[in-house]
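A look at the structure
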Amino acid sequence: MVADTYDKPVHIAVIGGTGIHNLPNFTHVATLTPTTPWGTPSSPISILTHPSPTTGLPIPIAFLARHGLSHQFAPHEVPARANIAALKSLGVRSIIAFSAVGSLQEGIKPRDFVVPDQIIDRTKGIRPFTFFEGGIVGHVGFGDPFDEGLSAVVRKCGHALEGEGVVLHDKGLLICMEGPAFSTRAESNLYRQWGGSVINMSALPEAKLAREAEVGYVMICMSTDYDCWHATEEDVSVALVMENMAANAANAQRFVGAVLDALSSEEHKDLVQAKHLVGMGTGGISTA
Ligand code: ADE
């Protein structure tokens, strides 16, 4: 039976995006519906367990669907503060976020994976983007927006799956745009001139809020299209994104599953449970 409470801390979370709705081969033990001072998260949080590869003991993972269970939240409507605060309240210290992205480079083909190391913020400031307001003043370093330790584990897992059809690019500049309309051709070409590798609508403010909350954050991107800059390839459309996502869903799930296995081993216990303190906040957010 699936419970509605879970009384142990959960250190690892997956935020699933377009195409990643669940994690097969995990045992669903609880469904939680937390509320936070910033509202309710975009979906109930599923607590899934799987055995640690080193101890065999069940390791819990929190799974949250970024766009809601029926994809009811457009990127600019995702309650990102509630999502991060709810995960933090469960004890989460490490987030593996997943996102479909458009490719801005010939060499990043549809269905390739990218673990970006940089972001340019092209959201328009209309999304609530900080916990630090209303008398809580804080500043965090964001020079390296993704957690390096988690990224290293993700890259290793991705490369280990190369024989099974996973193509992984180790680094990349992610452009996070506002949407919901896709880019114009002029914008797409501008982002290419800036050195952009991939583009999505979902990394921000999620990554910044995780940093403010002292939670490690890494994003696994899966390319679904060549946006609209390519002379001979089809322009991005929802149908194209969904088609490539569906065609490569098994690889995406295998990849995320391998990362969760690795992070559940004794070797990475300290990394997963570390407080990701960066810059000078006021002690992060408290949701207790
Ligand atoms: N997500 C998937 N493809 C995208 C694109 N081309 N632009 C923005 N977000 C995307």
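Look up a bit, the structure's there.
The notes below deal with the structure included here.

Quick notes on the rules
Residues numbered from 1 in each chain as written. Predicted model: local features only at pLDDT ≥ 70, side-chain atom pairs only at ≥ 80, totals over all residues. Heavy atoms only, no water. Helix = DSSP H or I, 4+ residues; strand = E, 2+ residues; numbered from the N terminus. Rg over C-alpha atoms; globule rule 2.2 N^0.38 Å. Buried < 20%, exposed > 50% of the residue type's maximum accessible area, 1.4 Å probe, protein only. Contact = heavy atoms within 4.5 Å. Near = heavy atom within 4 Å. Polar contact = N/O pair within 3.5 Å; in protein donor to acceptor, adjacent residues only side chain to side chain. Areas by Shrake-Rupley, 256 points an atom, 1.4 Å probe, with all protein chains shown as cover. Core = buried A, V, L, I, M, F, W, Y, C linked by side-chain atoms within 4.5 Å. Salt bridge = Lys/Arg side-chain N within 4 Å of Asp/Glu carboxyl O. Phe/Tyr/Trp six-rings, centres within 6.5 Å; stacked < 30°, edge-to-face > 60°. Lys NZ or Arg CZ within 6 Å of the ring centre and 35° of its normal. Axes fitted to C-alpha atoms, helices over the stretch in contact; angles between N-to-C directions. Parallel < 35°, antiparallel > 145°, perpendicular 65-115°, else oblique. Left-handed = near helix turned anticlockwise from the far one by under 90°. Nonpolar A, V, L, I, M, F, W, Y, C, P; charged D, E, K, R; others polar.

Across its full length, the chain carries 7 helices and 11 strands. In terms of overall size, the chain behaves like a compact globule, its C-alpha atoms giving a radius of gyration of 18 Å where 288 residues would be expected to give roughly 19 Å. With the C-alpha coordinates of the chain rotated into their principal frame, the extents come out at 55 × 50 × 35 Å. By residue count, 53% of the 288 residues in the chain fall in the buried class. Taking contacts inside the chain between residues at least 6 apart in sequence as the whole, the part at least 24 apart equals 80%.

Contacts to the ligand come from 13 residues, most closely from A100, V101, G102, D225 and D227. Contact between the ligand and D225: a nitrogen atom at 2.6 Å from a side-chain N or O atom of the residue. Contact between the ligand and D227: a nitrogen atom at 2.8 Å from a side-chain N or O atom of the residue. When the free accessible area of the ligand is taken as 260 Å², the share hidden by the protein chains comes to 95%. Going through the elements one at a time, β5 (94-103), β10 (198-200) and β11 (216-225) are the ones with two or more residues in the shell around the ligand. When residues in the shell around the ligand are grouped by element, the largest group, 3 residues, is from β5.

Below, the discussion takes up the nonpolar core. In this structure, A62, L87 and I95 are the most contacted members of the largest nonpolar core, which totals 38 residues. Among the elements that make up this core, the one with the highest residue count is helix α1 (residues 80-89) (5 residues). When near neighbours in sequence (up to four residues on either side) are disregarded, A62 contacts V10, I12, A13, V14, I45, S46, I47, L87, L90 and V92.

Let's shift gears to the environment of H21. Considering the arrangement of structural elements, one finds H21 in the loop between β1 (12-16) and β2 (27-32). Looking at H21, the relative accessible area reads 48%, which means it is partly exposed.

Take the environment of V167 next. Structurally, V167 is set in the loop between α2 (148-160) and β8 (168-169). Here V167 falls in the partly exposed class, since its relative accessible area comes to 38%.

Further remarks concern the pattern of salt bridges. For the coordinates displayed, the defined rule picks out 8 salt bridges. Ionic pairing is found between E206 and R66, a salt bridge with its closest N-O pair at 2.8 Å. Linking E206 in helix α4 (residues 206-212) with R66 in the loop between β4 (58-65) and α1, this pair joins segments that are 140 residues apart in sequence. Using a relative accessible area of 2% as the deciding quantity, one classes R66 as buried. Residue E148 is joined to R155 by a salt bridge in which the shortest nitrogen-to-oxygen separation is 3.6 Å. You can call E148 partly exposed: its relative accessible area is 44%.

Let's shift gears to the packing of aromatic side chains. Any two aromatic rings considered together are summarised by their centre-to-centre distance and by the angle between their planes. A complete count under the given rule lists 5 aromatic pairs for this structure. Plain terms: the ring middles of W38 and F131 are 4.9 Å apart, the flat faces sit at 75° to each other, and that makes the pair edge-to-face. Note that W38 is positioned in the loop between β2 and β3 (45-51) and F131 in the loop between β7 (118-122) and α2, a separation of 93 residues in sequence. You can call F131 buried: its relative accessible area is 3%. Taken together, a centroid distance of 5.5 Å and an interplanar angle of 50° make the contact between Y191 and W194 tilted. Given a relative accessible area of 38%, W194 falls into the partly exposed group. When the ring centre of W229 is taken as origin, the NZ or CZ atom of R192, which lies over that ring, is 3.6 Å away.

To characterise two packed helices, one gives the angle between the axes of the helices and the distance between these axes. One way to put it is that α2 packs onto helix α6 (residues 249-263) with a least axis distance of 9 Å and a crossing angle of 125°. As the angle between them shows, α2 and α6 are arranged oblique. The way α2 lies across α6 gives a crossing that is right-handed. When α2 is examined against α6, the residues L150, V153, V154, C157 and G158 are found in contact with a partner set consisting of F255, A258, V259, A262 and L263. Each residue belonging to the contact of α2 with α6 can be placed in one class, and the counts come to 9 nonpolar, 1 polar and no charged.

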